[in-house]
Amino acid sequence: MRKPAAALLSLLMSLCLSVVLLPAGQATAQAVSAQAATQIAKYDFEDGTTQGWGPRGDGVTVTVTSDAAHSGTGSLLTSGRTATWHGASITPPFEKGVAYSVTAFARLVSGEPSATIALTVQRTPDGGDTTYERVAAGTVTDAGWVELSGTYTFSADSTGLQLYAESSDAATRFYLDDIVVTSDSDPSRSGLSTDFESGTAQGWSPRASASLATTTDVAHGGSYSLAVTDRSDFWDGPAISVLGKMAKGSKYTLSAWVRLGPGADAGSRLGLSVERRTDGTPSYERVAAPAAVPAGEWVELRGSYTLAHDVDFLSVYVESETGTFPFYLDDFTLSYVEPRPIETDIPSLKDAVPFTMGAAVERPQTIGEHSRLLLKHYSGITPGNALKWDATEPSEGEFTLAEGDHLVDYAVEHGLKFRGHTLAWHSQTPDWVFKDGDRDLTASPADKALLLRRLENHVKTLVGRYKGKIAAWDVVNEVIDENQPDGLRRSKWYEITGLDFIRTAFRVARETDPAAELFINDYNTEFPRKRQALYDLVKKLRREGVPIDGVGHQLHLNIEHPPASSVEDTIEKFAGLGLDQHITELDVSVYTDFVSSYDEVPDEVIAEQGHRYKELFDVFRRHREQIGSVTLWGLADDATWLSTFPITRLNAPLPFDVELQAKPAYWGIVDPAKLPPLVRELDAPAGTPRVDGRRDLEWDLLPDAPIARVGGVSAGFQARSAKAGLYVMAEVRDATHDRDDRVTFTVGGTAYTVKRNGAHERGFTAAALPIGGGGYRVEALLPSGTATGLEVTVRDVKGGTDISWTGQLTFTPAVKVATAPRVLPLPGATPVVDGKMDLAWAPAPEITTRTWIQGTSGATARVRAMWGKDTLYVLARVTDPTLSEESPDPWAQDSVEIFVDPENGKTKGYGDEDGQYRVSFSGRVTVGGTFDAAGVKDNVTAAARTVPGGYVVEAAIKLPTVKLGVGGLLGFDVQVNDATGAARTSAVTWNDATGRSYLDTSHWGVLRLSGVLP
């Protein structure tokens, strides 16, 4: 080893490495004019840290001192040297083929003899020996500062880069200051790619003991890939340094192609991540979530990343979700994303609303164009993750608050209100919180006391640290489970302490910062059962004196469901408690289910989202007296949790797009007149309701399509198709009675008007009746012919208000209705779930599956249903002479699927209470639905029995979320899957012809509950 050069190389490496991301208080890497060089890094040590520089050689010490400085008040002192190559070093961001200029100022400590100080680069070319290359040198004394200046470039793929300072005198002590690296190009914008076509690893190295070798066995492109074997853990694998290739505040796209190696299980998952370090402390961030890799196929791992921290180490690596299986890597690219300036000539969101307008952010959103967008449009911020328990107290009593400090300081500096999120939550809480050593805590008095002490300490620490800076806290988060008898989530907090963890958290928060508003926060509060459960809890706790100041409604919605009226019902419900209300996590998914995915979100969907935001903010404005803040769960579409939840897919839920430009969602908030026109769609099933102003069964089969409220007027309507024309029905909420109030249906260019007293022109049949709450219902039969365009306009005369709906009708078959009789309260009248058709089933009428969604023939079923108390019983007798469970996919096995929507909501997606219950011919049960069916998976008991020519499935399905009764309506359907070998060859349903029953409840049939009341 050429030791003097090695020392200097270490110094040079350090300098280059911090070019991309400068320490706090330093200038960041930036592009300058074509006539000037780009500053890659500058080290002036004015922040009191070594800014990534470290010792080179045993016994060497590198510290920041104020004893001497070339400029400012600090410099870097190197002492403890015993060899010429000892000194100070850093890992540089040098890129092959790029020319760099390096300058530094050096001075000896007083009393040291004159010596040569040199800057040197150490690197190891792929397949070659380590080299030491002089960059700059000069004779230095203790009398004054001497400039060291030189240029450097290298042309071969290399690893182990270091930039270091060394001295010809083995023991001399010296200062360094104002070290600057510039280049005629900016490595942080030039990107990086590796394809292994050189037959070398091209800078990739193992994170631990993994073996990396180029191979021609397989390749995504060209002839070579990188084989990764002998991994020691899931995180072990190939990594490449990208220090200097990313600039703080800049955004990059990363892509890597992976393929499973020999012996790896098909479907094993691989992902792409970043490791960064600051002052030796590592952090890990996911770029591309682990994706399943089919056997024999290449899969792209792709994501974006914004560097938001000062770093002295930065690498990209591939890891598996679990296991140490081998895999191949090929065609990696890192690309700089040129930022598009934000629009400065549009109104600010915060100026268009009568409440605090907030956004959930992380550090990257406080830098560059994101920061400019944030400061223009928002008056408040919430930390997405920085103040959650796992981020702030990962180990007991050891608090890590740098991220929280950064965001709070940013808010204070820019005059933004800050919502603290969150102090107590069942998720993202470290395991140690619920353990005593290796033992899980129980509900014993001692364990309860221990857990509450930990909670008290945590709350005191966080609330106390930010006292006077955080305006409101989400003290407890998501404590409601409406499926429990008492409505409370069975979290570890609850199991060990009951409600005392809530009481303690609020009490301690109030004692620690009496001025902060204290909130209880939850999701799905727009749904009646959860709304009521939370209301009851808040009312109870406030009666006890628990200092709850407000309720937070998360409002993670989609473009169709639930209607804005449900949100308004919730706000009005809690207004009765006299509490402040915040909308805390608003976003609007472009999907109505949890499986679909777009390659590019259609313009019409983005337009629909804009109208959805308009409706929601109309609600918020109407309740400005109750709502103190509305926070969007993200700043723009380039960083949203919905890109990976509930699955990885493109989503665009926010008012600004991935380039930070305003979308229709923005205009829906600020100026709805600028929204693009919206043409909706509505099914008009076949039907012949009686036109008498009364709501008969036909209209109850489906929910009304809502017409959004304006002022005090709102409405819902339906349509039915028939040979005689188009039946329409509208229910209007309008308490300002006027005989000229009216509904106008325009079909095929002809307008048909019905007044609230039933008056109408000749040429069509119509009727109207008053309904509760000051509203009215109209019905009409219109001579529509084959016209499918429909416009519905509701006129409130006294209010001078019009509300309307415009769309296209789709004529569909009639909604099928079946009868399920009540189980008689007699011995033997309740079906025994054993796969046999006993006498208890005799009263139940039979329906048949005849709607083919795959194929035109195959297995079918004759189905009966009954009900009793809180249970639906279903019996399906399947005709299928050849049975198979060969496929690993349950839907491709011979099976029966029972679909139940207890509230008959007919939504484009599953609610928490909706279920897909699949029973194979052997009795194997699988359950689908919202959030992987967490809310309904335990509701079903089933059995199956093979019989000559087929099999029988019998099931009992608990429906605890509704009260079953005579006349009740359940959304219901049955599907029979017919397998041949390992493939599904046909599928047939009772009602739903879309083939989307597993995603969408809107086309299921209806089960009407009948029977004699006991």
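Okay, so let's go over this structure. Note that the structure is predicted; figures quoted are calculated from it, not measured.

Definitions and limits used
- Residues numbered from 1 in each chain as written.
- Predicted model: local features only at pLDDT ≥ 70, side-chain atom pairs only at ≥ 80, totals over all residues.
- Heavy atoms only, no water.
- Helix = DSSP H or I, 4+ residues; strand = E, 2+ residues; numbered from the N terminus.
- Buried < 20%, exposed > 50% of the residue type's maximum accessible area, 1.4 Å probe, protein only.
- Contact = heavy atoms within 4.5 Å.
- Areas by Shrake-Rupley, 256 points an atom, 1.4 Å probe, with all protein chains shown as cover.
- Lys, Arg positive; Asp, Glu negative; His and termini not counted.
- Charge placed at Lys NZ, Arg CZ, Asp CG, Glu CD.
- Axes fitted to C-alpha atoms, helices over the stretch in contact; angles between N-to-C directions.
- Parallel < 35°, antiparallel > 145°, perpendicular 65-115°, else oblique.
- Left-handed = near helix turned anticlockwise from the far one by under 90°.
- Nonpolar A, V, L, I, M, F, W, Y, C, P; charged D, E, K, R; others polar.
- Pairing = 2+ DSSP bridges.
- Salt bridge = Lys/Arg side-chain N within 4 Å of Asp/Glu carboxyl O.
- Expected span 1.5 Å × (residues − 1).

## Some words on the overall build of the chain
Link 1 in the chain: Secondary structure summary: the chain contains 13 helices and 56 strands in total.
Link 2 in the chain: Overall size of the chain, expressed as C-alpha extent along the three principal axes, is 110 × 70 × 65 Å.
Link 3 in the chain: Looking at the 1014 residues of the chain, the share that counts as buried comes to 55%.
Link 4 in the chain: Here the contacts in the chain between residues at least 6 apart in sequence split such that 72% fall between residues at least 24 apart.
Link 5 in the chain: When the accessible surface of the chain is totalled, it reaches about 39,700 Å², and 49% of it is carbon and sulfur.
Link 6 in the chain: Side-chain charges of the chain comprise 96 positive and 132 negative groups, with the mean position of each set lying 7 Å from the other.

## Considerations on the packing of helix 9 (residues 528-544) against helix 10 (residues 564-575)
Link 1 in the chain: Between helix 9 and helix 10, the least distance of the axes is 11 Å, while the angle of their chain directions is 15 degrees. It follows from the interaxial angle that helix 9 and helix 10 lie roughly parallel. When the axes of helix 9 and helix 10 are compared, the crossing they make is right-handed. In contact with Arg 531, Gln 532, Leu 534 and Tyr 535 of helix 9, helix 10 contributes Ser 566, Asp 569, Thr 570, Lys 573 and Phe 574.
Link 2 in the chain: The residue makeup of the contact of helix 9 with helix 10, split by class, is three nonpolar, three polar and three charged.

## Observations concerning the sheet that holds strand 43 (residues 801-812)
Link 1 in the chain: With mixed pairing, five strands are arranged side by side in an open sheet as 34-43-42-38-39. With partners counted over all chains shown, the strands left at the sheet margins are strand 34 (680-685) and strand 39 (750-755), one partner each. Strand after strand, the sheet turns through a mean of 30 degrees between neighbouring axes, direction not considered.
Link 2 in the chain: Strand direction decides the pairing type here: strand 34 and strand 43, joined by six bridges, are parallel. Bridge pairing in strand 43 places Arg 680 opposite Gly 807.

## As for the pattern of salt bridges
Link 1 in the chain: A full pass over the atoms with the stated rule returns 56 salt bridges.
Link 2 in the chain: Notably, a salt bridge pairs Asp 474 with Arg 419, separated by 2.7 Å at the nearest N-O pair. Of the two residues, Asp 474 is situated in strand 28 (residues 472-477) and Arg 419 in strand 25 (residues 417-425); the sequence distance between them amounts to 55 residues. Of the two residues, Asp 474 and Arg 419, neither departs from the other in class, the shared state being buried.
Link 3 in the chain: Each of Lys 448, Asp 500, Arg 503, Lys 540 and Glu 544 takes part in one network of salt bridges that share partners.

## Things to note about helix 10
Link 1 in the chain: If you check helix 10, its first and last C-alpha atoms are 17 Å apart, about what 12 residues at 1.5 Å a residue would give, namely 16 Å.
Link 2 in the chain: Looking only at helix 10, the buried set comprises Ala 564, Ser 566, Val 567, Glu 568, Thr 570, Ile 571 and Phe 574.

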